[in-house]
Amino acid sequence: MRKWLSTAGSTLIELVTGICLAGVLLTALFHMLAVSLQARAQADSWLEVQQTARHALDSMVRDIQFSDAILAVSPEKISFRKRLFGEDHISYWLDRSAAAAVIRRNQNAGINQPLTGGGSKTTISVSQLQFAVLRVDAVGQPLTVGIQLTVTDLAIGSPEKRPAFTLVTAVTGMNIRR
């Protein structure tokens, strides 16, 4: 009976050792979880930056492709005319008036709609939007326009770690008379 009582329990040293090992294992587990969550947040940030850039560029390309005249091109602004369901004068430009720069679209001198961001909690910023005439017709009217767009996420603290996504394309108005 005495032998059974002496081996049935555990000593205080064994209990403290077990708690210390559990603490080390839980610390490693929580560190792995924190790294995983940080990687997930960074991947989500990259995804949002890429989607914003692609959406903005796709919208501009679609409108310019259906234009019948490119009226004005400057480094950060383009204006053109489109006649699908009536005559529309459309402009795209980079608005740097807020902390997060946004691309704005104006149709027929109406409301300046934000194409990217524009909300109070927006962290996605257009760091560069550049238009350039790549090809003109015989009388000097623009036919093909190059667009370069760079989008960054301002939520990332240090500028060198901020995800930036750059898209470059050229677009020709399909309805422009040649």
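Our subject is the structure listed above.
About the criteria used
- Residues numbered from 1 in each chain as written.
- Predicted model: local features only at pLDDT ≥ 70, side-chain atom pairs only at ≥ 80, totals over all residues.
- Heavy atoms only, no water.
- Helix = DSSP H or I, 4+ residues; strand = E, 2+ residues; numbered from the N terminus.
- Rg over C-alpha atoms; globule rule 2.2 N^0.38 Å.
- Buried < 20%, exposed > 50% of the residue type's maximum accessible area, 1.4 Å probe, protein only.
- Areas by Shrake-Rupley, 256 points an atom, 1.4 Å probe, with all protein chains shown as cover.
- Core = buried A, V, L, I, M, F, W, Y, C linked by side-chain atoms within 4.5 Å.
- Contact = heavy atoms within 4.5 Å.
- Expected span 1.5 Å × (residues − 1).
- Pairing = 2+ DSSP bridges.
- Axes fitted to C-alpha atoms, helices over the stretch in contact; angles between N-to-C directions.
- Polar contact = N/O pair within 3.5 Å; in protein donor to acceptor, adjacent residues only side chain to side chain.

A.B. asks: Please give an account of the overall build of the protein chain that cites residues and values.
C.D. replies: Per the secondary structure count, the protein chain includes two helices and eight strands. Ordering the α and β elements of the protein chain from the N terminus gives α-α-β-β-β-β-β-β-β-β. Against the compact-globule benchmark of 16 Å for 178 residues, the protein chain has a radius of gyration of 29 Å, which places it well outside the compact range. Across its three principal axes, the protein chain shows a C-alpha extent of roughly 110 × 30 × 30 Å. For the protein chain, with 178 residues in total, the buried portion stands at 33%. For the protein chain, the accessible area works out to roughly 11500 Å², and carbon and sulfur atoms hold 60% of it.

A.B. asks: Can you break down the nonpolar core residue by residue, with the values?
C.D. replies: Core analysis: the largest hydrophobic core is formed by 29 residues, its most contacted members being M60, Y92, I103, L129, I147 and L149. Sorting the residues of this core by element identifies α2 (12–65), β2 (77–83), β3 (87–95), β6 (124–136), β7 (142–153) and β8 (164–172) as the ones contributing at least two each. Considering each element in turn, this core owes the most residues, seven residues, to α2. The residues contacting Y92, other than those within four sequence positions of it, are S59, M60, D63, E76, K77, I78, F80, I103, R104, R105, L115 and F131.

A.B. asks: Could you give me a rundown of α2, with the residues and numbers involved?
C.D. replies: Over its 54 residues, α2 extends 78 Å from the first C-alpha to the last, a length consistent with the 80 Å expected when each residue adds 1.5 Å. Taken residue by residue, α2 has S45, V49, T52, A53, A56, L57, S59, M60, V61, D63 and I64 as its buried positions.

A.B. asks: Hey, could you go over unusual backbone geometry for me, with residue numbers and the actual values?
C.D. replies: With a phi close to 55°, N108 is a non-glycine residue in the positive phi region. Even without glycine at this site, A109 takes up a positive phi of about 55°. Within the fold, A109 resides in the loop between β4 (102–107) and β5 (113–114).

A.B. asks: Account for the sheet that holds β7, with residues named and values stated.
C.D. replies: In spatial order, the strands read β6-β7-β8; together these three strands make up an open sheet with antiparallel pairing. Edge positions in the sheet fall to β6 and β8, since each has one partner strand and no second. Strand after strand, the sheet turns through a mean of 15° between neighbouring axes, direction not considered. Relative to β7, β6 runs antiparallel, the two being bridged by 11 bridges. In the sheet register, L129 faces β7, and the bridge partner there is L149.

A.B. asks: Residues and numbers for the environment of Y92, please.
C.D. replies: Tracing the backbone through its elements, the reader meets Y92 in strand β3. Measuring from C-alpha to C-alpha, the distance between Y92 and A53 comes to 14 Å, with 39 residues separating the pair along the chain. At 3.5 Å, the side chain of Y92 and the backbone oxygen of S59 are in polar contact. At 2.4 Å, the side chain of Y92 forms a polar contact with the side chain of D63.

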